[in-house]
Amino acid sequence: VFIKLLNKVRDNIIDKQALDDLNQRFIPNFNPGNDEGYISLTTHNYQSQAINENKLKQLKGTPYNFTAEVKGEFPEYSYPTDFELVLKVGAQVMFVKNDISREKLFYNGKIGKITGIDNETIFVKCEGDYDVIPVTQAEWTNNKYTIDDETKEITETPVGSFLQYPLKLAWAITIAIA
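A brief look at the structure comes next. The structure displayed is predicted, hence computed values, not measured ones.

Here we come to the packing of aromatic side chains. In this description, a pair of aromatic rings is defined by centroid distance and the angle of the planes. Inspection of every chain in the model, using the stated rule, returns eight aromatic pairs. Ring geometry for Tyr79 against Phe162: centres 4.8 Å apart, planes inclined by 40°, an arrangement best described as tilted. Here Tyr79, found in the loop between β3 (69-72) and β4 (84-87), pairs with Phe162, found in strand β10 (residues 154-164); they are 83 residues apart in sequence, far enough to count as distant. Tyr79 sits in the partly exposed class, given a relative accessible area of 22%. A residue is classified by how much of its surface remains accessible, and Phe162, at 0% relative accessible area, is buried. Connected via pairs of aromatic rings, a cluster forms that spans Phe74, Tyr79, Phe83, Trp140 and Phe162.

In structure tokens, the structure reads:
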């Protein structure tokens, strides 16, 4: 039901029933604590960015800056997370990539909280998980596709890469509006 509601908002076809369904969940003056794991859904990137930056500033402790490494052709609009990722212990984060290891510890969209940061690893605890997840940098590739004239098969050629921790701040996220 919730996904259908979000799709109606995304597709700009919200009707009276959808508004009634959304308003059933409306709680005036609702202000959850930082430890409750709620996520604000916004319509524009600048809104979610402002909320995330404000929540991050409220956390005590040292901010850690992680700069992505971009090689070759990888346009900025395709970056899967922040080029300059600023995190603190206690920050609510979302994974932006599936874990390709055998353990499959995380998936795109999984929410957690940073419990520790060292030189090359960020430690994230997710609700319902027994163990903390050690997170290292992940790589995304930008591929160019061509058709082989002889075999008619599609050939994939990497033309660029983006290396960064597969995380983003997640007190607020943007829903795409068409």
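Let's shift gears to the pattern of salt bridges. In total, this model carries four salt bridges according to the counting rule given. Of the charged contacts, one joins Asp15 and Lys8 as a salt bridge, the two residues approaching to 3.1 Å between their closest N and O atoms. Using a relative accessible area of 32% as the deciding quantity, one classes Asp15 as partly exposed. Given a relative accessible area of 27%, Lys8 falls into the partly exposed group. Residue Lys71 is joined to Glu69 by a salt bridge in which the shortest nitrogen-to-oxygen separation is 3.2 Å.

Below, the discussion takes up the nonpolar core. Counting residues in each nonpolar core, the largest one holds 20 residues, and the members touching the most others are Leu87, Ile122 and Val124. Among the secondary structure elements, those contributing two or more residues to this core are β4, β5 (92-95), β6 (111-117), β7 (122-125), β8 (133-135) and β11 (167-169). Leu87 has contacts with Leu56, Thr62, Pro63, Tyr64, Phe66, Val93, Ile114, Ile117, Ile122, Leu167 and Leu169, leaving out every residue within four places of it along the chain. Counting residues in each nonpolar core, the second largest holds six residues, with Ala68, Val96, Ala138 and Trp140 among its members.

With that out of the way, let us pick up the sheet that holds β10. Strand order in the open sheet made by the three strands is β3-β10-β9, with antiparallel pairing throughout. Of all the strands in the sheet, just β3 and β9 (138-147) have a single pairing partner and so form its edges. Shown here is a sheet whose adjacent strand axes are inclined to one another by a mean of 25°, direction ignored. In this sheet, β10 lies alongside β9 in antiparallel orientation, the contact comprising 10 bridges. Looking across to β10, one finds that Asn142 is bridged to Gly160.

So, how was this worked out
- Counting from 1, residues in each chain are numbered in the order their sequence is written.
- Totals for whole chains, interfaces and linings use all residues, but because this is a predicted model, local features are given only for residues with pLDDT of at least 70 and pairs of side-chain atoms are given and counted only at 80 or more.
- Excluding hydrogens and water, the side-chain figures rest on all heavy atoms present in the structure.
- Between rings of Phe, Tyr and Trp, where Trp is taken as its six-membered ring, a pair exists when centres lie within 6.5 Å; planes separated by under 30 degrees are stacked, by over 60 edge-to-face, and by other angles tilted.
- Helix numbering and strand numbering both begin at the N terminus, where a helix is a DSSP run of H or I of at least 4 residues and a strand a DSSP run of E of at least 2.
- Burial here depends on accessible area, computed with a 1.4 Å probe over protein chains only, as a share of the maximum for the residue type. Under 20% is buried, over 50% is exposed, and the range in between is partly exposed.
- A carboxyl oxygen of Asp or Glu within 4 Å of a side-chain nitrogen of Lys or Arg is what we treat as a salt bridge.
- Here, nonpolar core refers to any group of buried Ala, Val, Leu, Ile, Met, Phe, Trp, Tyr and Cys residues whose side-chain atoms link them within 4.5 Å.
- Pairs of residues are marked as contacts when any of their non-hydrogen atoms sit within 4.5 Å.
- A pair of strands is considered paired only if DSSP assigns at least 2 bridges between the two.
- All axes are obtained by fitting lines to C-alpha atoms, using only the stretch in contact for helices, and the reported angles, taken between N-to-C directions, cover 0 to 180 degrees.

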